[in-house]
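Below are the chains, spelled out letter by letter.
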Amino acid sequence: MDNREIVVFPTIAKLAEFVAGLLNTLIAETADGEYLTLALSGGSTPKQIFRYITSHDTIKTRWEKVRFFWVDERCVPAEDDESNYKMTRQNLLENLAVPEGNIFRIHGENDPEKEAVRYSSIIAGNVPVENNWPRFDILLLGLGEDGHTASIFPGNTALFQSSKICEVATHPKSGQQRITLTGPVINNASHVIFMVTGPGKASVVAKILQDSNTGLPASFVKPSHGNLTWLLDEDAAGKLKNGPLRQ
Ligand code: 6PG
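Residues numbered from 1 in each chain as written. Predicted model: local features only at pLDDT ≥ 70, side-chain atom pairs only at ≥ 80, totals over all residues. Heavy atoms only, no water.

K.L.:
Just checking my understanding: could you explain the packing of helix H2 (residues 44-55) against helix H3 (residues 84-91) for this structure?
P.N.:
The relative placement of two packed helices comes down to the angle between their axes together with the axis-to-axis distance. Where H2 meets H3, the closest approach of the two axes is 9 Å, and the angle between their N-to-C directions is 25°. As judged from the angle between their axes, H2 and H3 are roughly parallel. Judged by the sense of rotation from one axis to the other, the crossing of H2 with H3 is right-handed. Residue-level contacts link Pro-46, Lys-47, Phe-50, Arg-51 and Thr-54 of H2 to Met-87, Thr-88 and Asn-91 of H3. Among the residues making up the contact of H2 with H3, the classes are represented as 3 nonpolar, 3 polar and 2 charged. (Axes fitted to C-alpha atoms, helices over the stretch in contact; angles between N-to-C directions. Helix = DSSP H or I, 4+ residues; strand = E, 2+ residues; numbered from the N terminus. Parallel < 35°, antiparallel > 145°, perpendicular 65-115°, else oblique. Left-handed = near helix turned anticlockwise from the far one by under 90°. Contact = heavy atoms within 4.5 Å. Nonpolar A, V, L, I, M, F, W, Y, C, P; charged D, E, K, R; others polar.)

K.L.:
Sorry, what's going on with the site of the ligand here?
P.N.:
The environment of the ligand is made up of 15 residues, and the closest members are Ser-44, Asp-72, Arg-74, Ala-150 and Lys-201. In this structure, Gly-42 approaches the ligand through a main-chain N or O atom, which is 2.8 Å from an oxygen atom. In the complex, 88% of the free accessible area of the ligand, which totals 410 Å², lies under the protein chains. For the shell around the ligand, the elements supplying multiple residues, two or more each, are H2 and strand E4 (72-74). When residues of the shell around the ligand are assigned to their parent elements, the largest contribution, 3 residues, is made by H2. Of the residues belonging to the shell around the ligand, the class tally is 3 nonpolar, 8 polar and 4 charged. (Near = heavy atom within 4 Å. Polar contact = N/O pair within 3.5 Å; in protein donor to acceptor, adjacent residues only side chain to side chain. Areas by Shrake-Rupley, 256 points an atom, 1.4 Å probe, with all protein chains shown as cover.)

K.L.:
Explain unusual backbone geometry here, please?
P.N.:
Negative phi is the rule for most residues except glycine; trans is the rule for most peptide bonds. Here Ala-150, not a glycine, exhibits a phi torsion of approximately 50°, which is positive. By the secondary structure assignment, Ala-150 is in the loop between strand E7 (138-141) and strand E8 (166-170). Judged by its relative accessible area of 8%, Ala-150 falls in the buried class. Positive phi, normally seen in glycine, also occurs at Asn-213, with a value near 55°. When you line up the elements, Asn-213 lands in the loop between helix H6 (202-210) and strand E11 (227-233). Overall, the relative accessible area of 80% leaves Asn-213 in the exposed class. (Buried < 20%, exposed > 50% of the residue type's maximum accessible area, 1.4 Å probe, protein only.)

K.L.:
Whenever I open this one, the pairing of E11 confuses me. Can you help?
P.N.:
Two faces make up the sheet, and in a regular strand the side chains alternate between them. The buried fraction of E11 amounts to 6 of the 7 residues, a majority that puts the element mostly inside the structure. As judged from the 6 bridges shared by strand E10 (residues 191-196) and E11, these two strands associate in the parallel manner. Along E11, the bridge assignment pairs Val-192 with Leu-228. Of the crossover connections in this fold, the one passing from E10 over H6 to the parallel E11 is right-handed. (Pairing = 2+ DSSP bridges. Right-handed = clockwise from strand over helix to strand, strands pointing away.)

K.L.:
Please clarify how the side chain of Thr-37 should be interpreted in this entry.
P.N.:
When you line up the elements, Thr-37 lands in strand E2 (residues 36-40). With relative accessibility at 1%, the residue Thr-37 sits in the buried group. Not counting the four nearest positions on each side in its chain, Thr-37 is found in contact with Arg-67, Phe-69, Asn-126, Val-127, Pro-128, Arg-135, Phe-136, Asp-137 and Ile-138.

K.L.:
So what exactly am I meant to see when it comes to helix H1 (residues 12-28) here?
P.N.:
The periodicity of an α-helix, 3.6 residues per turn, causes residues three or four places apart in sequence to face the same way. With 17 residues, H1 should cover 24 Å at 1.5 Å per step; its first-to-last C-alpha distance of 24 Å lies within 8% of that length. Considered for burial, the residues of H1 that qualify are Leu-15, Ala-16, Val-19, Ala-20, Leu-23, Asn-24, Leu-26 and Ile-27. (Expected span 1.5 Å × (residues − 1).)

Structure representation (structure tokens):
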């Protein structure tokens with residue numbers, strides 16, 4: 001796969017600095033009157049990166065040119081501590097000058113099946129379609145130790161062949177219901193970026209990046225019309241054999 005890049009950073013701050021720089025560049029390249037469509041994931045790694053971005057937003061990024069979506073959401077109310085929207089608002093959005101009209105949250109409080117339909121139509125109406133699917137400019141993905149990404153968990157990789165934009169998923173351990181982007185949407189994005197940190201992810205990162213046919217959900221992320229970037233800290237890269245590009 002020649003559209004895949006692996007970059008290793010000494011610290012999560014340097015990784016976050018790279019993400020902030022990339023966002024600034026892509027936002028600056030966004031034509032007047034157009035928006036950069038950005039879909040965010042939840043989890044502790046994105047949270048740390050969001051906090052870095054907001055505490056170092058010295059370049060005064062033109063956030064009004066960004067439309068914010070979510071890759072997935074827990075089926076809980078927006079004020080619930082489990083909510084990815086709440087985490088993003090507290091650690092990113094509250095600190096940036098983002099017009100409310102640019103924020104398209106998943107309504108985790110709604111009936112899951114109805115919300116998957118509603119959010120699919122929101123995306124269809126606000127994200128340009130290319131290759132017969134909505135095409136996000138940037139997807140920021142996390143990686144679970146079980147190899148899940150978004151809310152596509154092991155045993156549910158059929159979501160990479162879904163005919164829908166969003167579907168309802170269930171966390172295999174907690175039983176928590178989720179709304180998630182499906183594989184065709186993920187693999188149609190222009191820039192798909194995994195952000196993975198910590199020693200706990202080293203084994204699954206090495207398996208996904210070095211083994212073939214792992215069957216793990218993150219292994220199915222192969223953008224067909226875009227590029228795939230793995231941003232790792234040294235700990236998460238700790239079990240990779242030959243040294244990937246190090247910053
Ligand atoms: C979620 C995320 C999920 C997350 C990974 C990594 O809703 O939890 O979308 O895919 O990104 O589980 O999470 P950590 O960074 O907390 O390990």
